[in-house]
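# A closer look at the structure
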Amino acid sequence: MKPFSYVRATNQNTAIQGVANRQSAKFIAGGTNLIDLMKVEVAQPDRLVDITQLPLSEIEINSDGLRIGALVRNSDLAYHPEVRSHYPLLSQAILAGASPQLRNMATVGGNLMQRTRCYYFMDIAAPCNKRDPGVGCAAIEGYNRIHAIFGASDKCIATHPSDMCVGLAALDARVRVAGSNGDRTIPIADFHRLPGDIPERDTVLEQDELIVAIDLPNSPFAKNYHYLKVRDRASYAFALVSVAAALEIENGTIKAARIALGGVAHKPWRALVAEDILVGAKPIQETFTAAATATIREAKPYRHNQFKVEMAKRAIVRALINATEKS
Ligand SMILES: Cc1cc2nc3c(=O)[nH]c(=O)nc-3n(C[C@H](O)[C@H](O)[C@H](O)COP(=O)(O)OP(=O)(O)OC[C@H]3O[C@@H](n4cnc5c(N)ncnc54)[C@H](O)[C@@H]3O)c2cc1C
Ligand code: SF4
C-alpha cells in the first residue's frame, strides 16, 4: 500500500474542502471497498478524508417519503421498520448483498460509489481503461463471463456490482449531494454512467462532491415486489444477474410496474420496455414472458457471457411471478 495522509472531517464543509482540488484525495466511510482497492494498489489516494463523524446517519420519515443519510449502515437500513414495511424491495435487495459483517460496516454512500468487480480491473498487471485510461480493455477479448450484456462500449464492458442500487433504481430514488459549487439532487437513473468513451468515470459526481442522503418517494410497491439474485454460490457473491421487480396491481390489472436489473450493465439497468408492456396488462405468466423477451432483445453478449441473456429473461419472469404471488 502506498503512503497516504489521513484526516477526520468534523463537518460537511471541511470534508468537501479536504478533497477539493486534489484529484488523489478520497472520502472514506466504511472502508470495505476502498481499503481493499488500496491494498492491491488499484486505488492510490494520497489523502483519506474520513467522513464517519459527520451527522449523516439518520433515517427520516417525511411527507414525501424517506430521507436516508449517506452514513446509514446497510444493515440498519435493511432492518429499519419503515423500510421493511413500506420499501421491502430495498430491504430484500440489501440483504442479498455481501455478508452480515460487511453490511454492518458498509454505508449507503459507499455502496453507491463501490467500484466494479471486473477481475482485470482488480489486477494491476492487466490492461484496463477504467483503471488506466487509454491502455485497452483485457475483458473484451478475455474471459468475460461476469461482464455486461447491455449498454457496454468498445472501451469497457464492466458491470456495476451493487444490489442496493438495483432496488433504489426500481424505487426511483434521488441522490442528494453537496460540493464546493453548492448542492444538487440527481435521479438515481442518471447517477451511474454507461462507460462510453470515459469508462474511468463510474458516476456523474464531481471529485469534491459528497453524497449526503438518498430520498425515496412514497411507494405503492409494498405488497407486490421481489428481488431475485442469481449468483455462483448461495453464500456471499456478486450477482450474475439480478432483478428488482415491483408491481402495483388493482382489480386484477397492473397499474404500475418497475423492473431494474443488476449484474448486466455498467449501471443498474431499468427495463423500461418491460414496464411499458406490463402496465395495463393482467399479471399472468404470458405478460411476464412478453416483457422479459422484449427486454433481452436489446442484449449484446460477449464470448463467455451468452448464458446471461436467457438467464436475465428467466429471472425477470420468475421475479414477476414471485412478486405477484406475494399478495
Ligand atoms: C467480500 C465482499 C463481498 C461483497 N458482496 C457484495 C454484494 O454481493 N453486493 C453488493 O452490493 N455489495 C457487495 N460488497 C460491496 C460492499 O457493499 C461495498 O464494499 C460497500 O457498500 C461500500 O461501502 P463503504 O461505506 O465501506 O465504502 P468505502 O469503502 O468507504 O468507500 C467506497 C467508495 O465510496 C466513496 N464514498 C464513500 N462514502 C461517500 C460519500 N458519502 N460521498 C461520496 N463518496 C463516498 C469513497 O471515496 C470510495 O471511493 C461486497 C464487498 C466485499 C468486500
Ligand atoms: S471491462 Fe472495464 S473494468 Fe474490465 S478490463 Fe475492461 S476496461 Fe477494465
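Figured I'd write up the structure that's included with this text. Small disclaimer: the values here were computed from a predicted structure and weren't measured.

Rules used in this analysis
Residues numbered from 1 in each chain as written. Chains lettered and ligands numbered in written order. Predicted model: local features only at pLDDT ≥ 70, side-chain atom pairs only at ≥ 80, totals over all residues. Heavy atoms only, no water. Pairing = 2+ DSSP bridges. Helix = DSSP H or I, 4+ residues; strand = E, 2+ residues; numbered from the N terminus. Axes fitted to C-alpha atoms, helices over the stretch in contact; angles between N-to-C directions. Buried < 20%, exposed > 50% of the residue type's maximum accessible area, 1.4 Å probe, protein only. Lys, Arg positive; Asp, Glu negative; His and termini not counted. Salt bridge = Lys/Arg side-chain N within 4 Å of Asp/Glu carboxyl O. Polar contact = N/O pair within 3.5 Å; in protein donor to acceptor, adjacent residues only side chain to side chain. Contact = heavy atoms within 4.5 Å. Near = heavy atom within 4 Å. Nonpolar A, V, L, I, M, F, W, Y, C, P; charged D, E, K, R; others polar.

So, on to the sheet that holds strand β4 (residues 59–62). The strand order β4-β5-β8-β6-β7 describes an open sheet built from 5 strands, whose pairing is antiparallel. Each edge of the open sheet carries a strand with a single partner, namely β4 and β7 (182–187). For this sheet, the mean inter-axis angle between neighbouring strands, taken without regard to orientation, is 20°. Summarising the sheet, strand β6 (residues 174–179) and strand β8 (residues 210–217) pair through 5 bridges and their orientation is antiparallel. Bridge pairing links Arg174 to Asp215 in β8.

Here Arg131 shows up in the loop between α7 (108–113) and α8 (164–170). Buried within the structure, Arg131 lacks any salt-bridge partner; Asp132 is the closest side chain of opposite charge, at an N-O distance of 5.2 Å. Separated by 2.8 Å, the side chain of Arg131 and the backbone oxygen of Tyr120 make a polar contact. A polar contact is formed between the side chain of Arg131 and the backbone oxygen of Phe121, at a distance of 2.8 Å. When residues no more than four places from it in sequence are discounted, the contact partners of Arg131 are Val42, Tyr120, Phe121, Asp123, Ile124 and Ala126.

As a matter of local geometry, ligand 1 sits amid 34 residues, with Phe27, Gly31, Thr32, Thr107 and Asp163 nearest to it. Separating a nitrogen atom of ligand 1 from a side-chain N or O atom of Asp163 is a distance of 2.7 Å. Those elements giving two or more residues to the shell around ligand 1 turn out to be β2 (25–28), α2 (34–39), α7 and β8. When its residues are assigned to classes, the shell around ligand 1 shows 16 nonpolar, 12 polar and 6 charged.

Cys118, Cys128, Cys137, Cys156 and Ile157 are the nearest of the 14 residues found near ligand 2. When the residues that make up the shell around ligand 2 are grouped by side-chain class, the tally is 10 nonpolar, 2 polar and 2 charged.

So, about unusual backbone geometry. The phi dihedral of Glu41 is positive, around 65°, even though this residue is not glycine. Within the secondary structure layout, Glu41 lies in the loop between α2 and β3 (47–50). At Asn251, a position not held by glycine, the phi torsion is positive, near 50°. Its place among the elements puts Asn251 in the loop between β10 (241–250) and β11 (253–262).

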